[in-house]
Amino acid sequence: MGYLKASVFAIAATVAGVSTAIAADETKVNEMIVCAVTEIHACELYQGCRELKPSETNAPDFMKINLKKMELTGRRYDGTYATLQIASKTRLPKLLLLQGINAEPEELADGLAYNMAIHVDTGRMAASVASTETVYSLLGTCHAL
């Protein structure tokens, strides 16, 4: 029984630690953040929206955000990496907002624009990537390194 109580306490402490993981205090956000993508959706013009498997788009399953270098590096489903520059960073009371573009992505004929919102208390993340006639939504969670 003592083992069970200790396990529950350890899990509760971990969850409490995650809730403050993105922001060390009310005014700062940690410089290194890792995010795991748990859901991907695609919406195409005249086609509607559908949920995707990571293998269908070779989307990143993990992303590392370096706020000091203003870079977002993603490990794609096939194991390769891609790095995007973060053009702007905005810290609101409860959200960290990131935005950027990639004018010459290897996989797409045209460029893409992305934005990401991370809740600093819960670590919940919502991101979108927009290209010609398609928008991809990525949902997941983040944690400070």
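Residues numbered from 1 in each chain as written. Predicted model: local features only at pLDDT ≥ 70, side-chain atom pairs only at ≥ 80, totals over all residues. Heavy atoms only, no water.

## Some remarks on the side chain of Thr73
Phase 1: Of note, Thr73 is situated in strand S4 (residues 71-76).
Phase 2: Sequence-distant contacts of Thr73, that is, excluding residues within four places in its chain, are made with Phe62, Met63, Lys64, Tyr81, Ala82 and Thr83. (Helix = DSSP H or I, 4+ residues; strand = E, 2+ residues; numbered from the N terminus. Contact = heavy atoms within 4.5 Å.)

## Let's talk about the state of the cysteines
Phase 1: Within this structure, the stated rule accounts for 2 disulfides.
Phase 2: The residue that forms a disulfide with Cys35 is Cys142, at a sulfur-sulfur distance of 2.0 Å. Between Cys35 and Cys142 the sulfur-sulfur dihedral comes to about 105 degrees; the bridge is accordingly right-handed. In this pair, Cys35 sits in strand S1 (residues 32-44) while Cys142 sits in strand S10 (residues 134-144), placing the two residues 107 residues apart along the sequence. By the burial criterion, Cys35 is buried, and Cys142 matches it.
Phase 3: The disulfide partner of Cys43 is Cys49, and the gap between their sulfur atoms is 2.0 Å. Because the sign of the S-S torsion sets the handedness, a value of about 115 degrees for the bond joining Cys43 and Cys49 places this disulfide among the right-handed ones.
Phase 4: Each disulfide of the protein chain joins two cysteines, and with those cysteines numbered along the sequence the arrangement is 1-4, 2-3. (Disulfide = S-S within 2.5 Å. Buried < 20%, exposed > 50% of the residue type's maximum accessible area, 1.4 Å probe, protein only.)

## Considering the nonpolar core
Phase 1: The biggest cluster of nonpolar side chains holds 25 residues, and the ones touching the most others in it are Cys35, Ile65, Ile86, Met116, Ile118 and Met125.
Phase 2: Here the element with the most residues in this core is S1; it accounts for 5 residues.
Phase 3: Those residues in contact with Ile86, other than ones at most four positions away along the chain, are Ile65, Leu67, Met70, Glu71, Leu72, Leu98, Gln99 and Tyr114. (Core = buried A, V, L, I, M, F, W, Y, C linked by side-chain atoms within 4.5 Å.)

## Topic: the environment of Tyr136
Phase 1: Here Tyr136 lies in strand S10.
Phase 2: Between the C-alpha atom of Tyr136 and that of Ile40, which follows or precedes it by 96 residues, the distance is 6.9 Å.
Phase 3: Residues within four places of Tyr136 in sequence aside, it is in contact with His41, Ala42, Leu52, Thr57, Ala127, Ser128 and Val129.

## So, the pattern of salt bridges
Phase 1: Tallied over the entire structure, the rule returns 3 salt bridges.
Phase 2: The residue Glu56 makes a salt bridge to Arg50 at a minimum N-O spacing of 3.2 Å.
Phase 3: By relative accessible area, which is 44% here, Arg50 ends up partly exposed.
Phase 4: Note that Asp61 and Arg75 form a salt bridge whose closest N and O atoms lie 3.3 Å from each other. Taken as a pair, Asp61 in strand S3 (residues 60-66) and Arg75 in strand S4 lie far apart in primary sequence, 14 residues in all.
Phase 5: Residue class for Arg75 comes out partly exposed when judged on its relative accessible area of 30%. (Salt bridge = Lys/Arg side-chain N within 4 Å of Asp/Glu carboxyl O.)

Everything listed here is a matter of coordinates, which is why it stays silent on function.
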